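The residues making up each chain are set out below.
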Amino acid sequence: MTRVALYRVLVILAAVLLLELLCAIGVIDRITMQPPHLILRDLGRILISGKQNAAILKTMTNASIAFSLALLVGIATAAVLHGYRALRETLDPLFATYYAIPVFAFYPLLIVLFGLGDAPQIGIGFMLGVVAVIVNTLNGLDRVPRVLRKAALIERLGAAEVALKVALPYAAPYVLTGAKFAVAYTLIGIIGAEFIMSRGGMGYEISFAYNNFDNATMYPLIVLILAVSISINTALSWWEKRLLARRGL
Amino acid sequence: MSANALKGVRNAAMLIAGLLVAWQALYWFVGDAALRPPLATFRYTLNLVTSEAFWPHLSETMRAFAVALAIAVSVGLATGFWLGSHKLSSQVFEPMLVAVYSIPKITLYPILLLAFGLGMPAKIAFGAIHGIVPVALFTINAVRNVRPILIKTGRVHGLSATEMVRAVLFPAALPEIFTGFRVGFSLTLIGTLLGEMFAAQRGLGYLLMTAIGLHNVDLIMAVTLLLITFAAAVSSVLLAIDRRLHRRI
């Protein structure tokens, strides 16, 4: 293990131990937070008993659907938009403002449009995720070297082929950056929508547990969501780094 | 007016016109159940902002947002300057910051509520945790990319650490730091509003949440319109300053 990695582990251990200590001497009381080792124990219990499996499955399925949609639609939109400079410049201010807008305000509209099932939640997750993919893919497409486009012209590739075989593969690391944001944003969308109005899912269970002072359910579920999003993010970062390393960056 | 500014105004006008047309078309498609047409919304919004009950909500939100933004910027800048100029610390802590950036922070709201109680402090905390990390990450990169010769010159002149930050690092890194501020502004705003939606009894976020709960479409549309207008206006100004700062170099 390198020195840096060792320090990193030590910092995290120190933070967890500090939380344990604060809980043990009562600075943080039991109604506010359980000590970390109890959270882990409760998480184990929940996973083994399987009583939250339906909620976990629902949230994770919806998040994956929303994420896949955001990725596909985002990449396709960016590939098309990159060819229309005027349209893109017109939409730029919208992209710059987008993440300051509370997209949840459109949740009632989506419920009226799609009914009370999972679709409105997937819709919110998709709406939050897609713009991050579009913006980052556009950023990657801007960096495609002109020599590659010229080579594609000499090979007489059509516009679709240039996008699929030259431009998008070159932009892949930037698309991955967008994908990382999209993971977080789709989860925010799905869980937030479940907080507001839904009949199941991890967000619903967390707010139900909160309202009933059921910390033994609330904290483990929160930790589980954080762990899932951090692991996916780390995996995507690792992939991104490998792609960049292959280019000597 | 320069050609560039003229183009910007034309683009903005076209975007607004396009959005209004799309909005009206969507209204014809969806109907009164979940939408109001643009004209009716403007009329209702005008009534809302001239009513006395509205102003306490607005001032509450603005106060919370201002404090949250101040915290996000000062803590973010301090962290950024520290990690940007100290290599070992940044190797240890930067991956953690990136991980924190990627977690869906909305899941943390029950914890903040338990820690801070219902009201102003919880909202401010929720806004600040959204804003701190992007400001810090952009500042780290900005400080790290300051040309070494500037720092060496500062050392030759025997500048102290604070003088170095004030006279060399900050001016040289300003454009990138400002980009961080722009992103931090958006995220702090959405953080504060989300905090109000789930954890408050006053403020625009609370107004929006009650409107969603009561399915008061007029109010949902009016509050959303106000928030979008505010966010769009400020972020276009910030975007313009951002571009000007970047052109200077």
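The present account deals with the structure reproduced in this document.

Rules of the game
- Residues numbered from 1 in each chain as written.
- Chains lettered and ligands numbered in written order.
- Predicted model: local features only at pLDDT ≥ 70, side-chain atom pairs only at ≥ 80, totals over all residues.
- Heavy atoms only, no water.
- Helix = DSSP H or I, 4+ residues; strand = E, 2+ residues; numbered from the N terminus.
- Buried < 20%, exposed > 50% of the residue type's maximum accessible area, 1.4 Å probe, protein only.
- Contact = heavy atoms within 4.5 Å.
- Areas by Shrake-Rupley, 256 points an atom, 1.4 Å probe, with all protein chains shown as cover.
- Lys, Arg positive; Asp, Glu negative; His and termini not counted.
- Charge placed at Lys NZ, Arg CZ, Asp CG, Glu CD.
- Salt bridge = Lys/Arg side-chain N within 4 Å of Asp/Glu carboxyl O.
- Core = buried A, V, L, I, M, F, W, Y, C linked by side-chain atoms within 4.5 Å.
- Buried area = accessible area lost by both parts, 1.4 Å probe.
- Polar contact = N/O pair within 3.5 Å; in protein donor to acceptor, adjacent residues only side chain to side chain.
- Nonpolar A, V, L, I, M, F, W, Y, C, P; charged D, E, K, R; others polar.
- Axes fitted to C-alpha atoms, helices over the stretch in contact; angles between N-to-C directions.
- Parallel < 35°, antiparallel > 145°, perpendicular 65-115°, else oblique.
- Left-handed = near helix turned anticlockwise from the far one by under 90°.

What about the overall build of chain B?
Looking only at helices and strands, chain B has 10 helices and 0 strands in total. Traced from its N-terminal end to its C-terminal end, chain B shows the element sequence α-α-α-α-α-α-α-α-α-α. Counting only C-alpha atoms and orienting by the principal axes, one finds that chain B spans roughly 70 × 55 × 30 Å. Here chain B holds 249 residues, and 49% of them are scored as buried. In chain B, of all internal contacts separated by at least 6 residues, the share reaching a separation of at least 24 is 72%. Surface exposure of chain B reaches about 12,200 Å², of which carbon and sulfur atoms provide 69%. Distance from the positive charge centre (19 side chains) to the negative charge centre (9 side chains) of chain B: 12 Å.

Thoughts on the overall build of chain A
From N to C terminus, chain A includes 10 helices and 0 strands. The helix and strand sequence of chain A, counted from the amino end, reads α-α-α-α-α-α-α-α-α-α. Principal-axis analysis of the C-alpha atoms gives chain A an extent of 70 × 55 × 30 Å. Buried residues in chain A amount to 47% of all 249 residues. Counting only contacts in chain A whose residues sit at least 6 apart along the sequence, the fraction spanning at least 24 positions is 73%. Of the roughly 12,600 Å² of accessible surface on chain A, a fraction of 69% belongs to carbon and sulfur atoms. Mean positive and mean negative side-chain charge positions of chain A (21 and 13 charges, respectively) differ by 10 Å.

Quick word on the environment of T217 of chain A
All names here are of chain A. Tracing the backbone shows T217 in helix α10 (residues 215-246). Overall, the relative accessible area of 9% leaves T217 in the buried class. When the C-alpha atoms of T217 and Q52 are compared, they prove to be 9.1 Å apart, with 165 residues separating the residues in sequence. Contacts of T217, omitting those with residues within four sequence positions, involve I46, Q52 and A209.

Here we look at the pattern of salt bridges
Pairing between side chains becomes possible if they bear opposite charge and their charged atoms approach one another. Scanning the model with the defined rule gives 14 salt bridges over all chains in all. Residue D42 of chain A is joined to R41 of chain A by a salt bridge in which the shortest nitrogen-to-oxygen separation is 3.1 Å. Exposure remark for D42 of chain A: the relative accessible area of 5% places this residue in the buried category. Take R41 of chain A: its relative accessible area is 40%, and that puts it in the partly exposed class. E60 of chain B is paired through a salt bridge with K123 of chain B; the nearest N and O atoms lie 2.9 Å apart. Taken together, the residues span a long stretch of sequence, with E60 of chain B in helix α3 (residues 54-85) and K123 of chain B in helix α6 (residues 120-144) at a distance of 63 residues. The pair formed by E60 of chain B and K123 of chain B is uniform in burial state, with each residue classed as buried. Connected through shared salt-bridge partners, E60, R63, K123, E196 and R202 of chain B make up one network.

What about the side chain of S229 of chain A?
You can see S229 of chain A is positioned in helix α10. The exposure class of S229 of chain A is buried, given its relative accessible area of 0%. Leaving out residues up to four positions away in the same chain, S229 of chain A has contacts with L187 of chain A together with S102, I103 and P104 of chain B.

A word on the side chain of E205 of chain A
All names here are of chain A. Of note, E205 is situated in helix α9 (residues 202-211). No salt bridge forms around the buried E205; measuring N to O, its nearest opposite-charge neighbour K51 is 9.3 Å away. Setting aside residues up to four positions removed in sequence, E205 forms contacts with Q52, A55 and L221.

Let's talk about the nonpolar core
Core analysis: the biggest nonpolar cluster contains 98 residues, and F104 of chain A together with M197 and F198 of chain B have the highest contact counts within it. The biggest single contributor to this core is helix α8 (residues 159-196) of chain A, with 11 residues. Contacts of F104 of chain A, omitting those with residues within four sequence positions, involve I124, L128, I188, G189, G192, A193 and I196 of chain A together with I106, L194, M197 and I212 of chain B. With 10 residues, the next largest nonpolar core counts L77, F81, A142 and V168 of chain B among its residues.

So, the interface of chain A and chain B
Taken together, the contacts link 49 residues of chain A with 54 residues of chain B. Taken over both partners, the interface formed by chain A and chain B buries close to 4,400 Å², and the fraction arising from carbon and sulfur atoms is 80%. Across the chain A-chain B interface, the total number found is 0 salt bridges. Counting every contact that joins chain A to chain B gives 3 residue pairs in polar contact (both at pLDDT 80 or more). Partitioning the side of chain A that touches chain B into residue classes produces 37 nonpolar, 8 polar and 4 charged.

What about the packing of helix α5 (residues 109-116) of chain B against α6 of chain B?
All names here are of chain B. Between α5 and α6, whose axes approach to 9 Å, the crossing angle comes to 140°. One finds that α5 runs oblique with respect to α6. Note on packing geometry: the crossing formed by α5 with α6 is right-handed. Residue-level inspection shows Y109, L112, L113 and F116 of α5 in contact with α6, the latter providing P121, A122, A125, F126 and I129. Within the contact of α5 with α6, the residues separate by chemical class into 9 nonpolar, no polar and no charged.

Taken by themselves, the reported measurements are silent on function.
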